[in-house]
Amino acid sequence: MTDDALPQVPYHPACPTDAEAVARARAFFERMDTRRSVRAFSDRPVPRACIEHALAAAGTAPSGAHMQPWTWVVVDDPTLKSQIREAAEAEERQSYEGGRMNEEWLEALRPLGTDWRKPFLEVAPYLVVCFEQRWGVRPDGSRRKHYYVSESVGISCGLFITAIHEMGLATLTHTPSPMRFLSRLLGRPDNERPFILFPVGFPADDATVPALTRKPLPDFVQWNRPDDAPA
Ligand code: IYR
């Protein structure tokens, strides 16, 4: 080990029995299988601590060389939410009706029933925006390389979504495209790019979600080589 290496500290996570581990694995999957992307939110206020804990969970993500290349911006100011809605809808309208999404894309989205209107951007109590830091900035202003940025930030977002679901709250991975307006409205520096915008709130009482199903395991998992049957 080089002199630059961090000191090693013991790591002793609680170690369950096999049966307990399997029971927990099943319970976790069953819980996550109830998660849905929600587009209709209640205006019921959300405790700020829920957002803070979800962000703390997001901040536990592994990242390339532990650079933690994410910035999360929380928006609850109604004026700013309206500005974000207006800018997002202007872009989305271009995408849906101005020819920016081709017919194949529009057709793929039809089962989801989405369009350019994004009322949830004003109704949801919080808009939480994740930015990826393409590079870091040292205190002296010089650039520091970041590694595997999309992988790292994607994992952080996954943890955020999981934490939000665990609280009984709902969210949506919203990617109004292009998202540059978020950098402008939120005053983010050049090294950051908007990654995902998450409206967060309780689902509306009358919220509905498309009746979609998920791929069963054999459709997306391979054990060893293609012709190997699982034991
Ligand atoms: N960003 C648009 C379009 C959209 C794209 C995909 I891929 C989706 O899974 C859902 C929507 C919108 O938010 O409507």
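Relevant structure appears above.
Thresholds applied
Residues numbered from 1 in each chain as written. Predicted model: local features only at pLDDT ≥ 70, side-chain atom pairs only at ≥ 80, totals over all residues. Heavy atoms only, no water. Phe/Tyr/Trp six-rings, centres within 6.5 Å; stacked < 30°, edge-to-face > 60°. Helix = DSSP H or I, 4+ residues; strand = E, 2+ residues; numbered from the N terminus. Buried < 20%, exposed > 50% of the residue type's maximum accessible area, 1.4 Å probe, protein only. Lys NZ or Arg CZ within 6 Å of the ring centre and 35° of its normal. Pairing = 2+ DSSP bridges. Contact = heavy atoms within 4.5 Å. Axes fitted to C-alpha atoms, helices over the stretch in contact; angles between N-to-C directions. Near = heavy atom within 4 Å. Polar contact = N/O pair within 3.5 Å; in protein donor to acceptor, adjacent residues only side chain to side chain. Areas by Shrake-Rupley, 256 points an atom, 1.4 Å probe, with all protein chains shown as cover. 1 Å grid on protein atoms, 1.4 Å probe; cavity = no way out; pocket = protein on both sides within 12 Å on 5 of 7 lines; lining within 4 Å. Sits in = over half its atoms within 2 Å of the grid points. Nonpolar A, V, L, I, M, F, W, Y, C, P; charged D, E, K, R; others polar. Points joined across faces, edges and corners; volume = space filled by probe spheres on them. Salt bridge = Lys/Arg side-chain N within 4 Å of Asp/Glu carboxyl O.

Caption draft 1: Region of interest: the packing of aromatic side chains. Counted under the stated rule, the structure contains three aromatic pairs. Ring centres of Trp-72 and Phe-198 lie 5.9 Å apart, and the angle between their planes is 20°; this geometry places the pair in the stacked category. Of this pair, Trp-72 sits in strand E1 (residues 70-75) while Phe-198 sits in strand E6 (residues 192-201); the two residues are 126 residues apart in sequence, bridging distant segments of the chain. Assessed through its relative accessible area of 0%, Phe-198 is described here as buried. Plain terms: the ring middles of Phe-160 and Phe-198 are 5.1 Å apart, the flat faces sit at 50° to each other, and that makes the pair tilted. One end of the pair, Phe-160, is in helix H6 (residues 149-166); the other, Phe-198, is in strand E6, and 38 residues separate them in sequence. According to the relative accessible area criterion, Phe-160 is buried, its value standing at 0%. Members of the aromatic cluster, each reached through a chain of ring pairs, are Trp-72, Phe-160 and Phe-198. A cation sits over an aromatic face here: Arg-44 above Phe-202, 3.6 Å from the ring centre. Against the face of Trp-135 rests Arg-143, its NZ or CZ located 3.7 Å from the ring centre.

Caption draft 2: Region of interest: the sheet that holds E1. The strand order E1-E2-E6-E5 describes an open sheet built from four strands, whose pairing is antiparallel. Lying at the two open borders of the sheet, with one neighbouring strand each, are E1 and strand E5 (170-171). By the bridge criterion, eight bridges tie strand E2 (residues 126-133) to E6 in an arrangement that is antiparallel. Residue Tyr-126 lies in a different strand from E6, and its bridge partner there is Val-200. The sheet strands contacting helix H2 (residues 48-58) are E1, E2 and E6, and the helix crosses E1 at an angle near 170°. The strands touched by H6 within the sheet are E1, E2, E5 and E6, with E6 carrying the most contacts at an inclination of about 10°.

Caption draft 3: Looking closely at the site of the ligand. In the neighbourhood of the ligand, the contacting residues comprise Arg-39, Glu-92, Tyr-96, Trp-105, Leu-109, Leu-112, Asp-115, Lys-118, His-174 and Thr-175. Within the side chain of Tyr-96, one N or O atom sits 2.5 Å away from an oxygen atom of the ligand. Side-chain polar atom of Lys-118 to an oxygen atom of the ligand: 2.5 Å apart, as the coordinates give it. Relative to its free-state accessible area of 370 Å², the ligand is covered by the protein chains to the extent of 70%. Under a 2 Å grid-point criterion requiring more than half of the atoms, the pocket assigned to the ligand is the largest pocket. Mapped onto the shell around the ligand, the elements with two or more residues apiece are helix H3 (78-97) and helix H4 (103-109). Of the residues in the shell around the ligand, the class split is four nonpolar, two polar and four charged.

Caption draft 4: Highlighting the layout of surface pockets. Put simply, the largest pocket is a space of about 490 Å³. Lining the largest pocket we find 24 residues, and of these Arg-39, Leu-109, Thr-114, Thr-173 and Thr-175 sit closest to its centre. When contributions to the lining of the largest pocket are tallied by element, the ones reaching two or more residues are H3 and H4. With three residues, the top contributor of residues to the lining of the largest pocket is H3. Taken together, the residues of the lining of the largest pocket sort by class into 10 nonpolar, seven polar and seven charged. In this structure, the second largest pocket occupies an estimated 240 Å³ of space. Every residue lining the second largest pocket is counted, 14 residues in all, and those nearest its centre are Arg-39, Ala-40, Leu-112, Gly-113 and Thr-114.

Caption draft 5: How the structure looks around the pattern of salt bridges. As enumerated under the stated definition, the model contains 14 salt bridges in all. Where Asp-33 meets Arg-214, a salt bridge forms, and the shortest distance between an N and an O atom there is 3.0 Å. With Asp-33 in the loop between helix H1 (18-32) and H2 and Arg-214 in the segment after E6, this pair connects stretches of sequence that are 181 residues apart. Judged by its relative accessible area of 37%, Asp-33 is partly exposed. The class of Arg-214 is partly exposed, set by a relative accessible area of 40%. The partner of Arg-85 in a salt bridge is Glu-122, and the shortest N-O contact between them spans 2.6 Å.

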